[in-house]
Amino acid sequence: MEPEIAAANDASTEVGLSPQTFRRFTYPALASQMLIVLTGAIVRLTESGLGCSDWPTCEQDQLIPEIEGHAWIEFGNRLLAFLVTVAAVAVLIAARRRVGDRKDLVRLSWGLAAGTVGQIVLGGIVVLSDLNPWLVLGHFVLSMILIWDALLLVHRSNIDDDVIAGASMQSYRPQAWLITALAAVAIFVGTLVTGSGPHTGSSDGDPITRLPFSIRSITRVHSTSVVILITVTVATAWWLRSVGGRPTERRRLSAAIAIMLAQGAVGYVQYFTGVPAVLVAVHVAGAISVWAAVIWFHLSTAADPVNAADVVWGRSAFSPLGAATKGSIVTAASGVNTSPTSDMPA
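Residues numbered from 1 in each chain as written. Predicted model: local features only at pLDDT ≥ 70, side-chain atom pairs only at ≥ 80, totals over all residues. Heavy atoms only, no water.

**Section: the overall build of the protein**
Each helix and strand counted, the protein has 10 helices and 2 strands in total. Moving toward the C terminus, one meets the helices and strands of the protein in the order α-α-α-α-α-α-α-α-α-α-β-β. Burial status across the protein gives 46% buried among its 346 residues. Look at the contacts in the protein between residues 6 or more apart in sequence, and 70% of them connect residues 24 or more apart. (Helix = DSSP H or I, 4+ residues; strand = E, 2+ residues; numbered from the N terminus. Buried < 20%, exposed > 50% of the residue type's maximum accessible area, 1.4 Å probe, protein only. Contact = heavy atoms within 4.5 Å.)

What follows is the structure, given as structure tokens:
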């Protein structure tokens with residue numbers, strides 16, 4: 001029996017979740033990670049951060065709060081955190097039960113589940129520290145890492161199992177790495193602005209510690225970082241168009257630029273209108289969207305993975321720009337295209 005046919009027969013007898021079924025678990029995991037960042041911001045903006053002043057209970061030995069607005073807003077966010085954990089654990093179980101040897105999906109799922117549990121513990125420490133702004137900042141940064149993890153899970157779940165082991169799944173475009181780094185800097189500095197601003201997250205009347213930055217000065221640093229991010233991103237979009245970049249890259253980068261411009265506009269409006277809570281919430285949603293759009297673009301710039309069957313029959317080969325090069329030779333161990341006509345990036 002041919003090795004390829006034998007392997008196919010072995011795979012068909014495996015008992016577990018299909019790749020398509022597993023993929024369905026990744027979407028609620030991603031959506032829940034994004035949603036809880038927004039609801040966490042709503043807790044702060046409604047001054048409900050200490051609505052439940054204890055953890056893991058709401059008040060000392062009282063698990064469920066009394067009928068009071070701030071307490072239930074905070075408690076509702078805790079209930080949502082439980083659902084986020086369920087989604088993360090479900091995708092981990094699904095990854096372990098999925099047919100095929102996809103250790104990358106299992107590792108990412110473990111990271112998502114462990115990070116989500118860590119996020120819950122950190123949230124409790126934030127409450128017990130009376131909303132220490134540095135811990136609140138860390139709470140948000142960890143959420144951005146978990147969103148990245150969940151996006152990577154969605155992306156990797158769409159890659160076939162018979163991809164050659166040596167094929168690159170990392171971005172080969174330095175511009176993608178630069179844009180991702182600049183987006184991370186802009187978002188991080190944005191958290192410094194938030195931690196220095198007027199929305200402390202508590203209505204108890206007790207003074208909540210703020211970060212030791214002048215709101216005017218740190219806002220200028222933030223706006224400068226955003227301008228640099230948008231400039232580099234627009235320049236990259238122009239360059240991709242001039243060199244004939246892949247349609248997926250160009251589409252995703254255009255979407256990222258549109259979100260960045262909208263986010264910048266909201267930022268300026270909220271600053272000059274006295275930082276109203278509603279616009280701050282919109283700005284937080286924009287930050288989530290910018291980060292997701294940038295990561296999604298970054299993932300589109302990875303070199304196309306190579307299918308083992310395609311190599312056997314000579315149908316396609318590794319091509320960073322996504323073009324199947326007829327008659328190319330592919331080294332299975334390295335995933336390197338040795339064709340002299342390969343369309344490599346300039």
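**What about helix α3 (residues 69-97)?**
Its 29 residues give α3 an end-to-end C-alpha distance of 42 Å, which sits within 8% of 42 Å, the value for a rise of 1.5 Å per residue. Taking the backbone nitrogen of His70 as reference, a side-chain oxygen 3.2 Å away marks Glu68 as the first, capping residue of α3. (Expected span 1.5 Å × (residues − 1). Polar contact = N/O pair within 3.5 Å; in protein donor to acceptor, adjacent residues only side chain to side chain.)

**Description of the environment of Leu63**
Summarising the element assignment, Leu63 is placed in the loop between α2 (19-45) and α3. Since its relative accessible area comes to 51%, Leu63 is described here as exposed. Among all residues touching Leu63, those that are not within four sequence positions of it are Pro56, Thr57, Cys58 and Phe75.

**Quick notes on the packing of aromatic side chains**
Two aromatic rings, taken as a pair, are described by how far apart their centres are and by the angle between their planes. Within the structure shown, the criterion is met by 3 aromatic pairs. Here the aromatic rings of Trp72 and Phe75 are separated by 5.2 Å at their centres, their planes lie at 85°, and the arrangement is edge-to-face. On the criterion of helical spacing, the pair formed by Trp72 and Phe75 is a turn pair, its members being 3 residues apart in helix α3. Relative accessible area serves as the criterion here: at 34%, Trp72 is assigned to the partly exposed category. Look at Phe75 and you get buried, because its relative accessible area is 10%. Measuring from ring centre to ring centre gives 6.4 Å for Trp134 and Phe213, while their planes differ by 70°; the resulting arrangement is edge-to-face. Here Phe213 lies in the loop between α6 (174-196) and α7 (215-243) and Trp134 lies in helix α5 (residues 133-157), a separation of 79 residues in the sequence. Assessed through its relative accessible area of 45%, Trp134 is described here as partly exposed. (Phe/Tyr/Trp six-rings, centres within 6.5 Å; stacked < 30°, edge-to-face > 60°.)

**Some points on the pattern of salt bridges**
For the structure on display, the rule yields 8 salt bridges. A salt bridge links Asp101 to Lys103; its shortest N-O distance comes to 2.9 Å. One network of salt bridges, in which partners are shared, links Arg98, Arg102, Asp104, Arg156 and Asp161. (Salt bridge = Lys/Arg side-chain N within 4 Å of Asp/Glu carboxyl O.)

**What to know about the nonpolar core**
Grouped together as the largest cluster of nonpolar side chains are 50 residues, with contacts concentrated most on Leu112, Met144 and Ile147. Going through the elements one at a time, α2, α3, α4 (103-128), α5, α6, α7, α8 (247-272) and α9 (277-300) are the ones with two or more residues in this core. The greatest single-element share of this core, amounting to 12 residues, is contributed by α9. Apart from residues lying up to four places away in sequence, Leu112 is in contact with Ala29, Gln33, Ala88, Val91, Leu146, Asp149, Ala150 and Leu153. (Core = buried A, V, L, I, M, F, W, Y, C linked by side-chain atoms within 4.5 Å.)

**Section: a nonpolar patch on the surface**
A cluster of nonpolar residues, Leu63, Ile64, Ile67, Trp72 and Leu79, forms a patch on the protein surface that exposes about 540 Å² of accessible area. Inspection of the secondary structure puts Leu79 in helix α3. (Patch = residues over 30% accessible without salt bridge, like charges linked within 9 Å, V, L, I, M, F, W, Y side chains within 5 Å. Areas by Shrake-Rupley, 256 points an atom, 1.4 Å probe, with all protein chains shown as cover.)

**Digging into the confidence of the model for the protein**
Atomic detail in the predicted coordinates should be set aside for any region of low pLDDT. Chain-level statistics for the protein give a pLDDT mean of 82 and a share of 79% at 70 or above. Low pLDDT, under 50, characterises residues 307-346; the stretch is placed with 70 contacts to residues that sit more than four places away or in other chains. (pLDDT = per-residue confidence, 0-100.)

**Structural notes on the side chain of His283**
Turning to its location among the elements, His283 is positioned in helix α9. For His283, the residues in contact, after removing those within four places along its chain, are His222, Gln263, Val266, Gly267 and Gln270.

**Focus on unusual backbone geometry**
A cis amide bond links Trp55 with the next residue in sequence, Pro56, at an omega value of 10°. Topologically, Pro56 is positioned in the loop between α2 and α3. With a phi close to 60°, Glu47 is a non-glycine residue in the positive phi region. Looking at Glu47, the relative accessible area reads 41%, which means it is partly exposed. Although it is not a glycine, Leu131 sits at a positive phi angle of roughly 65°. Relative to the helices and strands, Leu131 resides in the loop between α4 and α5.

**Digging into the packing of α6 against α7**
Relative orientation of the contacting elements α6 and α7 amounts to 160°, with a least axis distance of 9 Å. Compared by their axis directions, α6 and α7 come out roughly antiparallel. In this structure, α6 meets α7 at a crossing whose hand is left-handed. In terms of residue class, the contact of α6 with α7 is built from 16 nonpolar, 8 polar and no charged. (Axes fitted to C-alpha atoms, helices over the stretch in contact; angles between N-to-C directions. Parallel < 35°, antiparallel > 145°, perpendicular 65-115°, else oblique. Left-handed = near helix turned anticlockwise from the far one by under 90°. Nonpolar A, V, L, I, M, F, W, Y, C, P; charged D, E, K, R; others polar.)

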